[in-house]
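Reading the structure
Each chain is listed here by its residues.
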Amino acid sequence: MRIERLSPASYRELIQPDRVHGSLYTEPYVFEDELDKIFSRGWVFVAHDSELPNPGDYITRTVGRQHYLVTRAPDGAVNVFINRCQHRGNLLCNKPAGNARNFTCPYHGWTYGLGGELQDVPHAGGFQKDWGHHGLEVPRSGNYRGFVFASAAHDGISLDDYLGRAKELIDRACDLSPDGKLRLTAGWVRHQYDANWKMLPENDTDGYHVGFTHQSFMRAIRSQYDSFVSDEKQIKGVIRDWGNGHTEIDFAGGYTQPLEWLGTGPDKVPDYVAAMEKSYGKERATELMRLGPPHACIWPNLFLAEMNIVIFQPLKVNQSVQWHTPMLLEGAPGLDFRLLRQSEGALGPASFLVADDASIAERAQQALEAGDPWCDLSRGLGREETDARGVRTSHMTDETSNRGFWQHYLHVMVG
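For the structure given in this document, a descriptive report is provided here. (Residues numbered from 1 in each chain as written. Predicted model: local features only at pLDDT ≥ 70, side-chain atom pairs only at ≥ 80, totals over all residues. Heavy atoms only, no water.)

Quick look at the overall build of the chain
- Counting its secondary structure elements, the chain contains 14 helices and 24 strands.
- Rg of the C-alpha trace for the chain: 23 Å, near the compact-globule value of 22 Å for 415 residues, within the 12% margin.
- In terms of overall dimensions, the chain has C-alpha extents of about 75 × 60 × 40 Å along its principal axes.
- For the chain, the residues scored as buried account for 54% of the 415 residues in total. (Helix = DSSP H or I, 4+ residues; strand = E, 2+ residues; numbered from the N terminus. Rg over C-alpha atoms; globule rule 2.2 N^0.38 Å. Buried < 20%, exposed > 50% of the residue type's maximum accessible area, 1.4 Å probe, protein only.)

See the structure below:
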């Protein structure tokens with residue numbers, strides 16, 4: 001099936017309650033439509049404020065085809081701008097990060113301050129207009145607990161409405177810090193996938209593949225392999241559709257003691273436990289340390305990957321990049337070494353998980369490009385439950401998260 005005309009009816013035909021068509025991963029015209037409707041008009045994750053600790057710090061980040069410049073102003077505010085000179089549209093800042101007092105366009109020397117204001121126009125007398133109000137373009141932006149989001153659209157739903165109930169997932173991550181803050185300061189590692197970007201968030205909250213794609217990892221911890229492969233009833237985790245495309249695998253049901261997700265126990269990290277109890281009280285601290293971090297995707301490009309933060313970057317219809325960095329906890333420096341090593345083992349170049357997932361994604365891309373198939377998403381369709389918050393939950397191996405992703409995708413793409 002090939003539908004050339006991009007219309008609401010086209011997308012409704014390609015995305016059904018229990019299956020999606022393979023052309024959504026392979027057709028360039030679909031990818032172009034996504035860059036506009038999802039990555040330009042919609043809210044996307046662009047930075048974390050801990051990446052900009054000092055006045056004058058800046059980072060540049062590309063999301064879809066939009067280039068963002070994020071700065072820390074002298075007053076401490078985090079500002080988000082379109083990384084484009086207002087004169088002839090040249091890319092203003094070419095460096096990925098640094099510290100600066102201002103930004104000068106390399107083409108004609110126009111200079112902008114950290115607040116986006118136009119500071120200097122060389123030979124300004126030659127212009128027949130006042131350039132005083134031509135600062136950098138400011139997209140809509142917002143900050144939730146250090147996570148900075150932006151939208152290039154001039155209007156649309158608010159950041160609060162976009163995040164919706166998924167704010168609980170960000171809270172769960174931040175509250176593992178005694179100070180309630182995260183540090184993304186260990187640097188980013190990038191892996192290129194020769195696969196469509198949607199395969200990354202789909203896979204990352206797919207609980208069905210864990211015991212099969214990651215068999216080598218599961219066998220390294222034999223008890224986990226037995227529970228994930230031999231008996232479905234032994235799997236204690238659940239899958240959740242939080243709405244708005246936000247999805248989660250919640251492993252907490254399988255944890256039997258606090259800090260099991262960290263590979264240790266309270267007696268091994270007494271300073272961290274004491275700091276948590278001081279901040280939250282013993283009962284709440286114990287519960288937070290038992291639940292552990294979220295394993296959840298925030299639509300469309302942010303993955304709270306337990307103790308890592310991941311960004312999905314679409315490049316081409318059949319090419320994407322996954323960025324990751326360890327999620328360090330403010331107020332718990334004693335955990336840094338352990339978290340760095342865990343990040344290397346889970347998502348680093350020689351890790352257990354990334355090579356498996358990249359291989360599966362690329363195999364799927366190759367197979368879908370060679371045919372005209374439907375992809376089935378029906379597992380667990382008849383056993384989902386919706387709780388009082390409106391969150392849809394089912395068995396960890398069910399495809400509830402995939403259906404949630406695609407139904408929100410349909411909502412966005414039909415406008």
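Now that the structure has been shown, the text picks up again.
Considerations on the packing of aromatic side chains
- A full pass over the atoms with the stated rule returns 16 aromatic pairs.
- Among the aromatic side chains, those forming a connected cluster through ring pairs are Tyr11, Tyr25, Phe39, Trp197, Trp299, Phe405, Trp406 and Tyr409.
- The lysine or arginine in question, Arg341, covers the ring of Phe337, its NZ or CZ lying 4.7 Å from the ring centre. (Phe/Tyr/Trp six-rings, centres within 6.5 Å; stacked < 30°, edge-to-face > 60°. Lys NZ or Arg CZ within 6 Å of the ring centre and 35° of its normal.)

Concerning the pattern of salt bridges
- Applying the stated criterion across every chain yields a total of 25 salt bridges.
- Here Glu137 ties to Arg84 by a salt bridge, and the two come within 2.6 Å at their closest N and O atoms. Of this pair, Glu137 sits in the loop between β10 (118–120) and β11 (140–144) while Arg84 is found in the loop between β6 (78–82) and β7 (97–99), placing the two residues 53 residues apart along the sequence.
- Between Lys282 and Glu277 there is a salt bridge whose closest N-O contact spans 3.4 Å.
- Given a relative accessible area of 57%, Lys282 falls into the exposed group.
- Here the residues in one salt-bridge network are Arg172, Arg240, Glu248 and Asp250, joined through shared partners. (Salt bridge = Lys/Arg side-chain N within 4 Å of Asp/Glu carboxyl O.)

What about the packing of helix α10 (residues 270–280) against helix α11 (residues 282–291)?
- Running from N to C, α10 and α11 point in directions that differ by 125°, and their axes come no closer than 7 Å. Comparing their axes, α11 and α10 come out oblique. You can see that α10 and α11 cross each other, and the crossing is right-handed. For the pair formed by α10 and α11, the contact residues are Tyr272, Val273, Met276, Glu277 and Tyr280 on the first element and Lys282, Arg284, Ala285, Leu288 and Met289 on the second.
- Class assignment for the residues of the contact of α10 with α11 results in seven nonpolar, no polar and three charged. (Axes fitted to C-alpha atoms, helices over the stretch in contact; angles between N-to-C directions. Parallel < 35°, antiparallel > 145°, perpendicular 65-115°, else oblique. Left-handed = near helix turned anticlockwise from the far one by under 90°. Contact = heavy atoms within 4.5 Å. Nonpolar A, V, L, I, M, F, W, Y, C, P; charged D, E, K, R; others polar.)

Here we look at the packing of helix α3 (residues 28–37) against helix α14 (residues 400–413)
- It is at 10 Å that the axes of α3 and α14 come closest, and there the two elements cross at 80°. In terms of orientation, α3 and α14 fall into the roughly perpendicular class. For the pair α3 and α14, contact is made by Val30, Asp33, Glu34 and Lys37 and by Tyr409, Val412 and Met413, respectively.
- Looking at the contact of α3 with α14, its residues break down into four nonpolar, no polar and three charged.

Points about the sheet that holds strand β9 (residues 111–113)
- Read across the open sheet, the three strands follow the order β8-β9-β10; overall the sheet is antiparallel. The sheet is open, and its two edges are formed by β8 (102–104) and β10, each paired on a single side. Pairwise comparison of adjacent strand axes, ignoring direction, gives a mean angle of 35° for this sheet.
- As defined by bridge partners, β9 adjoins β10 across two bridges and the pair is classed as antiparallel. By the bridge assignment, Tyr112 is partnered in β10 with Leu118. (Pairing = 2+ DSSP bridges.)

What about unusual backbone geometry?
- The step from Trp299 to Pro300 runs through a cis peptide bond, and the omega angle for that step is -5°.
- Structurally, Pro300 is set in the loop between β17 (295–298) and β18 (302–305).
- One non-glycine residue, Arg145, lies in the positive phi region at around 50°.
- Turning to its location among the elements, Arg145 is positioned in the loop between β11 and β12 (147–151).
- Residue classification places Arg145 among the partly exposed positions, given a relative accessible area of 31%.

Let's talk about the sheet that holds β11
- Pairing within the open sheet is antiparallel, and its three strands lie in the order β3-β12-β11. At either margin of the open sheet sits one strand with a lone partner, and together these are β3 (44–48) and β11. Across the sheet, the mean angle separating the axes of adjacent strands is 30° when strand polarity is ignored.
- Across four bridges, β3 lies against β12 in antiparallel orientation. Note on β12: the bridge partner recorded for Ala47 is Val148.

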